[in-house]
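Chain by chain, the residues:
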Amino acid sequence: MCYALPFLGDVAIMNNDLILLGHGSGGRLSHQLLDELIIPLLSGTSAAGQNDAALLDGITGRLAFTTDTFVVDPIFFPGGTIGSLAVHGTVNDLAMMGARPLWLSVGLIIEEGFSKESLRVILEDMRGAADGAGVRIVTGDTKVVPRGKGDKLFIATSGIGAVEHDLTIHGANAQPGDVIIINGTIGDHGIAVMAGREGLEVSAEICSDSAPLNGLTAELVASLGADLHVLRDPTRGGVATTIKEIALQSSVTIRLREESLPVKPAVRGVCGILGLDPLFVANEGKLLAFVSSKVADRALATFRAHPLGRDAAIIGTVGAGPAGRVDMETVIGGIRAVEMLSGEQLPRIC
Ligand code: MG
């Protein structure tokens with residue numbers, strides 16, 4: 001079910017509804033913004049007792065640590081906001097290492113004149129996404145830049161997760177004989193953002209897939225163990241770029257089957273109009289899993305038992321051919337080489 005939150009930035013009229021440079025000064029207005037809006041909404045605690053850093057405890061062993069920045073335009077799009085996207089993006093990068101995401105930091109860069117009400121809606125969306133993923137936002141920072149020196153709101157999130165297994169799950173571990181499984185339809189996020197940006201009248205089927213994948217990856221780790229070789233989320237550059245990365249990193253050949261790629265008809269339609277190939281369009285709730293072929297059935301069953309894996313499909317196989325080569329069996333029976341996205345197909349998509 002797609003949802004759309006209201007963007008109020010352009011309709012705020014009262015001066016006290018707007019973010020001022022002083023809100024990033026570190027002084028009284030900064031404290032007010034933190035105490036009244038940011039800290040209660042993001043952390044659920046009061047501002048009392050804030051320190052220069054969060055203290056984390058209770059974890060031993062390997063940790064995963066990642067960071068990402070979000071400049072998506074528009075900041076409100078079908079199926080999400082820059083806030084939920086910033087949480088899901090970082091949660092998913094931790095999940096792709098087989099880690100259990102635990103803590104996030106949030107850096108907000110706000111343009112002077114942004115509406116406090118829009119900020120509130122985005123912070124609530126962030127908090128909802130964090131709660132949904134089972135992570136806590138434990139530290140953050142806020143800066144305000146002069147009007148025209150930013151674009152409404154940019155967000156940086158970093159995350160720490162616990163690696164509670166001794167498996168080797170990484171991009172260099174794809175092995176000849178592996179099958180490649182995706183958890184659902186491709187291109188949904190990029191096309192939803194594009195439709196939002198251009199104000200296209202599109203069907204309700206066009207909706208970002210932004211979602212936390214850590215529940216699904218935990219199921220895969222538990223069910224497949226050492227037969228799970230690679231997990232990666234095909235975000236910017238889409239499935240094509242990610243598959244090429246893995247082929248290079250693992251020094252293997254990959255063969256994709258075009259007819260197996262799940263694409264929503266509405267997404268395919270918009271791609272056709274805009275001249276885009278869904279294989280190169282960004283996703284924010286998709287993962288590619290490379291698993292031993294002997295566990296392919298079990299892997300598919302594990303995917304399909306999870307709400308975010310119902311449309312899972314095997315989209316390709318790994319071979320021992322030339323390192324880094326990716327081919328696609330087309331629907332009409334031909335073979336074409338797949339390369340990484342070159343240049344910027346859709347700027348500011350995440
Ligand atoms: Mg990633």
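Residues numbered from 1 in each chain as written. Predicted model: local features only at pLDDT ≥ 70, side-chain atom pairs only at ≥ 80, totals over all residues. Heavy atoms only, no water.

(A) The arrangement of the sheet that holds strand 9 (residues 253-257) in detail. Read from one edge of the open sheet, seven strands run 8-10-7-11-9-12-13, paired in mixed fashion. The open sheet terminates on both sides in strands that have one partner only, identified here as strand 8 (228-232) and strand 13 (335-337). The sheet shows a mean angle of 25 degrees between the axes of neighbouring strands, taken without regard to direction. As paired strands, strand 12 (residues 326-329) and strand 13 are joined by three bridges and run antiparallel to one another. Opposite D327, over in strand 13, you have A337 as the bridge partner. Across the sheet, helix 8 (residues 296-304) lies against strand 7 (178-182), strand 10 (288-292) and strand 11 (313-319), angled at about 10 degrees from strand 7, the strand it touches most. (Pairing = 2+ DSSP bridges. Helix = DSSP H or I, 4+ residues; strand = E, 2+ residues; numbered from the N terminus. Axes fitted to C-alpha atoms, helices over the stretch in contact; angles between N-to-C directions. Contact = heavy atoms within 4.5 Å.)

(B) Structural context of the domain arrangement of the chain. Under the domain assignment, the chain is made up of domain 1 (21-163) and domain 2 (178-337). For domain 1 and domain 2, the distance between their C-alpha centres works out to 28 Å. Buried area between domain 1 and domain 2, summed over both chains or domains, comes out near 1,600 Å², and the portion from carbon and sulfur atoms is 61%. Three residues stand out in domain 1 for area buried against domain 2, namely P78, N92 and M96, and they jointly supply 35% of the buried area on that side. Where domain 1 packs against domain 2, one counts one salt bridge. Put simply, D73 and R197 hold a salt bridge, and the shortest N to O gap is 4.0 Å. Linking domain 1 with domain 2 are eight residue pairs in polar contact (both at pLDDT 80 or more), by the criterion used here. Of all elements in the fold, only helix 2 (82-95) and helix 3 (116-133) reach the threshold of two or more residues within the side of domain 1 that touches domain 2. Of all the elements, helix 2 adds the most residues to the side of domain 1 that touches domain 2, at eight residues. Here the residues of the side of domain 1 that touches domain 2 are counted per class, giving 10 nonpolar, seven polar and two charged. (Domains from an automatic or database assignment. Buried area = accessible area lost by both parts, 1.4 Å probe. Salt bridge = Lys/Arg side-chain N within 4 Å of Asp/Glu carboxyl O. Polar contact = N/O pair within 3.5 Å; in protein donor to acceptor, adjacent residues only side chain to side chain. Nonpolar A, V, L, I, M, F, W, Y, C, P; charged D, E, K, R; others polar.)

(C) Looking closely at the side chain of S208. Residue position: S208 is located in the loop between helix 4 (188-198) and helix 5 (214-224). The class for S208 is buried, based on a relative accessible area of 8%. At a separation of 3.0 Å, a polar atom in the side chain of S208 contacts the main-chain amide nitrogen of S210. For S208, the residues in contact, after removing those within four places along its chain, are F77, P78, G79, D188, H189 and A192. (Buried < 20%, exposed > 50% of the residue type's maximum accessible area, 1.4 Å probe, protein only.)

(D) Structural context of helix 1 (residues 28-43). For helix 1, the principal kink sits at L34 and spans about 45 degrees. Where helix 1 is buried, its residues touch strand 4 (100-111), helix 3 and strand 5 (136-145). Residue G44 follows helix 1 closely and has a positive phi angle near 75 degrees. (Bend = angle between axes of the 7 residues up to and from the residue.)

(E) Region of the structure containing the packing of helix 4 against helix 7 (residues 265-274). At their nearest, the axes of helix 4 and helix 7 sit 10 Å apart, and the two run at 60 degrees to each other. As summarised for this structure, helix 4 and helix 7 are arranged oblique, according to the angle between their axes. The interaxial crossing formed by helix 4 with helix 7 has left-handed handedness. From helix 4, D188, I191 and M194 reach across to helix 7, where they touch V267, V270, C271 and L274. Here the contact of helix 4 with helix 7 is built from residues that sort into six nonpolar, no polar and one charged. (Parallel < 35°, antiparallel > 145°, perpendicular 65-115°, else oblique. Left-handed = near helix turned anticlockwise from the far one by under 90°.)

(F) Structural context of the pairing of strand 5. With nine bridges joining them, strand 4 and strand 5 adopt parallel strand pairing. Of the residues in strand 5, the one forming a bridge with L104 is I137. Crossover handedness for the path strand 4 to helix 3 to strand 5: right-handed. (Right-handed = clockwise from strand over helix to strand, strands pointing away.)

(G) Structural view of the pattern of salt bridges. Following the criterion strictly, the structure yields 16 salt bridges and no others. For K264, the salt bridge goes to D188, with nearest N and O atoms at 3.2 Å. Taken together, the residues span a long stretch of sequence, with K264 in the loop between strand 9 and helix 7 and D188 in helix 4 at a distance of 76 residues. The buried category is assigned to D188, whose relative accessible area is 2%. The shortest N-O distance in the salt bridge between E245 and R232 comes to 2.9 Å. Pair noted here: E245 is in helix 6 (residues 238-250) and R232 is in strand 8, with a separation of 13 residues, a long-range link. A residue is classified by how much of its surface remains accessible, and E245, at 29% relative accessible area, is partly exposed. One continuous salt-bridge network, built from bridges that share partners, spans E117, R120 and E124.

(H) Spotlight on the coordination of the magnesium ion. Those protein atoms acting as donors to the magnesium ion are D93 (OD) and D233 (OD), and they sit at 2.2 Å. Pair noted here: D93 is in helix 2 and D233 is in the loop between strand 8 and helix 6, with a separation of 140 residues, a long-range link. (Donors = N, O, S within 2.8 Å, 3.2 Å for Na, K, Ca; no water.)

(I) Looking closely at the packing of helix 2 against helix 3. The contact between helix 2 and helix 3 brings their axes to 7 Å, and the two run at 30 degrees. Accordingly, the angle class assigned to the pair helix 2 and helix 3 is roughly parallel. Our pair here, helix 2 against helix 3, has a crossing hand that is right-handed. Packed against helix 2, whose contacting residues are I82, G83, S84, A86, V87, H88 and V91, the element helix 3 presents I122, D125, M126, A129, A130 and A133 at the interface. By residue class, the composition of the contact of helix 2 with helix 3 is nine nonpolar, three polar and one charged.

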